[in-house]
Amino acid sequence: MPERLTETLVDLWTPLIILWITLPTCVYMAPMNQAHTLTTGSPLGLSRQSEELRILNRSKRGWVWNQMFVLEEFSGPEPILVGRLHTDLDPGSKKIKYILSGDGAGTIFQINDITGDIHAIKRLDREEKAEYTLTAQAVDWETNKPLEPPSEFIIKVQDINDNAPEFLNGPYHATVPEMSILGTSVTNVTATDADDPVYGNSAKLVYSILEGQPYFSIEPETAIIKTALPNMDREAKEEYLVVIQAKDMGGHSGGLSGTTTLTVTLTDVNDNPPKFAQSLYHFSVPEDVVLGTAIGRVKANDQDIGENAQSSYDIIDGDGTALFEITSDAQAQDGVIRLRKPLDFETKKSYTLKVEAANIHIDPRFSGRGPFKDTATVKIVVEDADEPPVFSSPTYLLEVHENAALNSVIGQVTARDPDITSSPIRFSIDRHTDLERQFNINADDGKITLATPLDRELSVWHNITIIATEIRNHSQISRVPVAIKVLDVNDNAPEFAAEYEAFLCENGKPGQVIQTVSAMDKDDPKNGHYFLYSLLPEMVNNPNFTIKKNEDNSLSILAKHNGFNRQKQEVYLLPIVISDSGNPPLSSTSTLTIRVCGCSNDGVVQSCNVEAYVLPIGLSMGALIAILACIILLLVIVVLFVTLRRHKNEPLIIKDDEDVRENIIRYDDEGGGEEDTEAFDIATLQNPDGINGFLPHDRRGLLRGIPENAA
Ligand SMILES: *[C@@H]1O[C@H](CO)[C@@H](O)[C@H](O)[C@H]1NC(C)=O
Ligand SMILES: *[C@@H]1O[C@H](CO)[C@@H](O)[C@H](O)[C@H]1NC(C)=O
């Protein structure tokens, strides 16, 4: 194979320069180390060793043969020989001179122009510049004429492991939940190595943990860090420092290494139940504490943190479950016991509660460890407080008849001091609520009496406030509203609801309703009003009028006959007795005035006498003046009319005269008029000459004669 390849290359490539690759001795370059300068038959002069190497590495380097290699970082006392240029071209007598040009020629690489040896005269760093492209040429020593075309080749700087791995992103932080299973992945880290990753092992890294065992492990190749212990407990140790090393040369001795730190924090899971700090709590509270007041706090500690430590608190048992409640304070993570219903020292002096704290966020993985809750006992002692008097009722409603006698007892309020020392109580009326001093109260027994007479028709309700004061401690005061309702007594007689004025038509029919009246009563009987109407006993057989009660409690007055006459009697007075249905009933007599008037056929009142007509309708002085003014105005109009009429007649007569006179003048000046037409010859219109010359000369005389007659 190498032979065949060489032959192929000979066909393709016919340079005259033979490149001997003289490879320096180097421990890192074991394959190259054995290279020796071979003079093969091949025109190319490539060392077999190099060929073989290239074939082996072809997948990476390709078929690149015209290159030399030099180790980086070489710093011996002599310049290092990189290789040698040689041509097997027969120079004859001529001497050959080798010339080098290109990257670093003369500065980094120096050629012996006779032998063709190339030396690196400077220290090279692959990580700085990995290859140099140079051009070689063989020229005639004397003429400097090229003996063949220039040939390009590459000097590659060969890597040595002169760079240590580095963790560029360190130090690292990572978290992993506590109680994780063994082998839970935590994070991974990566180191980089500047050395040639392709060639050799200078950049082949292997990771290991220097510190942090036995808690964590690292995968040597992938650098994935995992937990190495199961069930690590955050509550025992929360933070771990892990030191990680990356070593090149595949981890072999002699390799370079770099380290970094990783801080692993365990995150909390709910693996701890709440636990009350005390199993028994004691609180005391005054009996008069305001509802909703916090009485005490209980706290269950939880080693977990955050929501895993959150508990809800409940009262699950005890004799005070109805009176107390517990609320969870999420911030303080405790339970606040509050009063829900009033306490009474005199009734019950202590309570016992069983409270429970239960984790809110349970992790099912650990629920098997038992209930994530705890209980404690709370004892609450009620303390006596000096309390104000307590009335037997929160409000009182009293009723009293309006005719109740002065000083009679209307009702009674009672109150007591709830304290054990039970002070006597004194009662009084809050006078702001009884400005008229309508009532009195007996300071000792709370009996309310009437001080001034009542009148339901003036005021139905007297709402007052009674004050109870402890004799031993005047600051202990209570107040209670007392509503006193005044009950009705029939103390008002009924009367006409309005001042009625009735009119009666002279031509009215017998049995006709003259007026309907109704009655009113200031009293307020329970079953409403029912009125009885009657005529005075001496009027019962009144020949002129009769009465009839209507369904709606009103009364109709009817005329008995049609013989009423204004001339005979203008006004009738009809007394009517109205009585109510009270017990005893009250009655009064109201008199209805009936006026006789003249009416139209259809019963519309037209005239009563002035007194009876004008005034009853209630005409005011102003209205009378208005009517008078109207009459005067009417008179003025009449006078004016008559005057105008006379004026109108006068001109008519005069006009006749004037007309005649006018005619005279007209006939005189212009002609025309009836007479004239008669005399006018129409033919003259057709004959213009006639107008001028054929006008009868005596016509004027004739016309002139008419006015004389008329006058
Ligand atoms: C007095 O109290 C009664 C019963 O509470 C109530 O109906 C009434 O309206 C009150 N009257 C006045 C004037 O406040
Ligand atoms: C009835 O009317 C007549 C006149 O019309 C009168 O004289 C008489 O006194 C009246 N009777 C009563 C009771 O008014």
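So, here is what we can say about the structure in this document. (Residues numbered from 1 in each chain as written. Chains lettered and ligands numbered in written order. Predicted model: local features only at pLDDT ≥ 70, side-chain atom pairs only at ≥ 80, totals over all residues. Heavy atoms only, no water.)

### Some words on the side chain of S180
Checked against the element boundaries, S180 lands in the loop between β9 (172–177) and β10 (185–188). Since its relative accessible area comes to 11%, S180 is described here as buried. When near neighbours in sequence (up to four residues on either side) are disregarded, S180 contacts L229, P230 and N231. (Helix = DSSP H or I, 4+ residues; strand = E, 2+ residues; numbered from the N terminus. Buried < 20%, exposed > 50% of the residue type's maximum accessible area, 1.4 Å probe, protein only. Contact = heavy atoms within 4.5 Å.)

### Section: a nonpolar patch on the surface
Side chains of I627, L628, I631 and L635 sit close together on the surface and give an oily, nonpolar patch of about 380 Å² of accessible area. Inspection of the secondary structure assignment puts I631 in helix α6 (residues 621–669). (Patch = residues over 30% accessible without salt bridge, like charges linked within 9 Å, V, L, I, M, F, W, Y side chains within 5 Å. Areas by Shrake-Rupley, 256 points an atom, 1.4 Å probe, with all protein chains shown as cover. Salt bridge = Lys/Arg side-chain N within 4 Å of Asp/Glu carboxyl O.)

### Some details on the site of ligand 2
Around ligand 2, the neighbouring residues are N542, P543, N544, Q569 and Y572. At 2.6 Å, a side-chain N or O of N544 approaches an oxygen atom of ligand 2. Y572 places a side-chain nitrogen or oxygen 2.8 Å from an oxygen atom of ligand 2. Compared with its free state, where it exposes 360 Å², ligand 2 has 56% of that area covered by protein. (Near = heavy atom within 4 Å. Polar contact = N/O pair within 3.5 Å; in protein donor to acceptor, adjacent residues only side chain to side chain.)

### Side note on the pattern of salt bridges
Evaluated as defined, the whole model comprises 25 salt bridges. Across the pair R426 and D444 runs a salt bridge whose closest N-O atoms are separated by 3.3 Å. With R426 in strand β29 (residues 425–429) and D444 in the loop between β30 (439–441) and β31 (447–450), this residue pair connects regions lying 18 residues apart in the sequence. Classification of D444 as exposed rests on a relative accessible area of 55%.

### What to know about the nonpolar core
The biggest cluster of nonpolar side chains holds 25 residues, and the ones touching the most others in it are F276, V298, F324, I337, V378 and I380. Of all the secondary structure elements, the ones that give two or more residues to this core are β17 (280–286), β18 (294–298), β20 (311–318), β21 (324–329), β22 (334–339), β23 (350–359) and β24 (373–383). V298 has contacts with F276, Y281, F283, Y313, I326, D334, G335, I337, V355 and V378, leaving out every residue within four places of it along the chain. (Core = buried A, V, L, I, M, F, W, Y, C linked by side-chain atoms within 4.5 Å.)

### Side note on the state of the cysteines
Evaluation of the coordinates by the stated rule reveals 2 disulfides. Across the disulfide from C505 sits C599; the S-S distance is 1.9 Å. Measuring the twist about the S-S bond at about -85°, one finds the C505-C599 disulfide to be left-handed. Here C599 lies in strand β42 (residues 587–599) and C505 lies in strand β35 (residues 501–505), a separation of 94 residues in the sequence. Both residues of the pair, C505 and C599, belong to the buried class. Put simply, C597 and C608 are joined by a disulfide, and their sulfur atoms are 1.9 Å apart. Looking down the S-S bond of the C597 and C608 bridge, the torsion is 95°, so its handedness is right-handed. One end of the pair, C597, is in strand β42; the other, C608, is in the loop between β43 (605–607) and α5 (610–613), and 11 residues separate them in sequence. Relative accessible area serves as the criterion here: at 0%, C597 is assigned to the buried category. (Disulfide = S-S within 2.5 Å.)

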